[in-house]
Amino acid sequence: MPNVFEGTPDARQSDQPIPVSRFRPQYRALSDEEKALHDAIKDKAAELEVLYAKLNPSRYHSLAITALEQSIMWIVKELTS
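The following paragraphs examine the structure supplied in this document. Here the residue index of a chain counts from 1 through its sequence in written order. Given that this is a predicted model, residues contribute local features only at a pLDDT of at least 70 and side-chain atom pairs are listed and counted only at 80 or more, while totals for whole chains, interfaces and linings are drawn from all residues. Working from all heavy atoms in the structure, the side-chain values ignore hydrogens and water.

## Digging into the overall build of the protein chain
Logical step 1: Each helix is a run of H or I in the DSSP string that is no shorter than four residues. Each strand is a run of E no shorter than two, and both are numbered from the N terminus. Scanning the protein chain from terminus to terminus reveals two helices and two strands.
Logical step 2: Along the protein chain, from the amino end to the carboxyl end, the secondary structure elements read β-β-α-α.
Logical step 3: Here the protein chain holds 81 residues, and the buried ones make up 17% of them.
Logical step 4: Once local pairs closer than 6 in sequence are excluded, the contacts in the protein chain between residues at least 24 apart make up 47%.
Logical step 5: Surface exposure of the protein chain reaches about 6,700 Å², of which carbon and sulfur atoms provide 60%. The cut-offs for exposure are 20% and 50% of the maximum accessible area for each residue type, with area from a 1.4 Å probe on protein chains only; residues under the lower value are buried, those over the upper are exposed, and the others partly exposed. In what follows, residue pairs with any heavy atoms lying within 4.5 Å of each other are defined as contacts. The accessible surface values rely on the Shrake-Rupley method and a 1.4 Å probe; as for residues, cover is taken only from the protein chains in view.

Written as structure tokens, this is what we have:
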């Protein structure tokens, strides 16, 4: 999966240390290694989503998808903090 962002950083991305904020109005610039890790995480999540889709839709299926989404959200938040 290629990086979605291809260009110069805008005001939301900074190379400077960013004060800790629960809602992070700005994000730090990621290194090439961090971008690769981000992409690998998202790729694995997409693989799981395809695997999950082989099961019949149900409440448990929906809960599993929600848990996967939440897991990826938290780990990406950790990576970008």
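## A few points about the pattern of salt bridges
Oppositely charged side chains may form a pair once their charged atoms are brought near each other.
Logical step 1: A pairing counts as a salt bridge when a side-chain nitrogen of Lys or Arg comes within 4 Å of a carboxyl oxygen of Asp or Glu. Overall, the coordinates contain one salt bridge when judged by the stated rule.
Logical step 2: The salt bridge involving Lys44 is made with Glu47; its shortest N-O contact spans 3.7 Å. Note that Lys44 and Glu47 are positioned in helix α1 (residues 32–52) at a spacing of three residues, about one turn of the helix.
Logical step 3: On the basis of relative accessible area, Lys44 is assigned to the exposed category, the value being 52%.

## Regarding the side chain of His61
Logical step 1: Structurally, His61 can be placed in helix α2 (residues 59–80).
Logical step 2: A polar side-chain atom of His61 sits 3.1 Å from the main-chain carbonyl oxygen of Tyr52.
Logical step 3: Aside from chain neighbours lying at most four places away, what touches His61 is Tyr52, Ala53, Leu55 and Asn56. The definition of a polar contact used here is a pair of N or O atoms within 3.5 Å, where within protein one atom must be able to donate a hydrogen and the other to accept one, and adjacent residues in sequence count solely through side-chain atom pairs.

## A short note on α1
Logical step 1: Multiply 1.5 Å by the residue count of a helix minus one, and that product is the helix's expected span. End to end, α1 covers 30 Å across 21 residues, agreeing with the expected 30 Å (1.5 Å per residue, within 8%).
Logical step 2: Of the residues making up α1, those classed as buried are His38, Asp39, Ile41 and Ala45. Taken end-on, α1 shows its buried residues confined to a sector of 155°, consistent with a single buried face. For α1, exposure combined with an orientation more than 90 degrees from the buried face picks out Asp32, Glu33, Lys44, Val50 and Leu51.
Logical step 3: As for α1, its buried residues are in contact with α2. The directions from the helix axis to the C-beta atoms form the arc being described.

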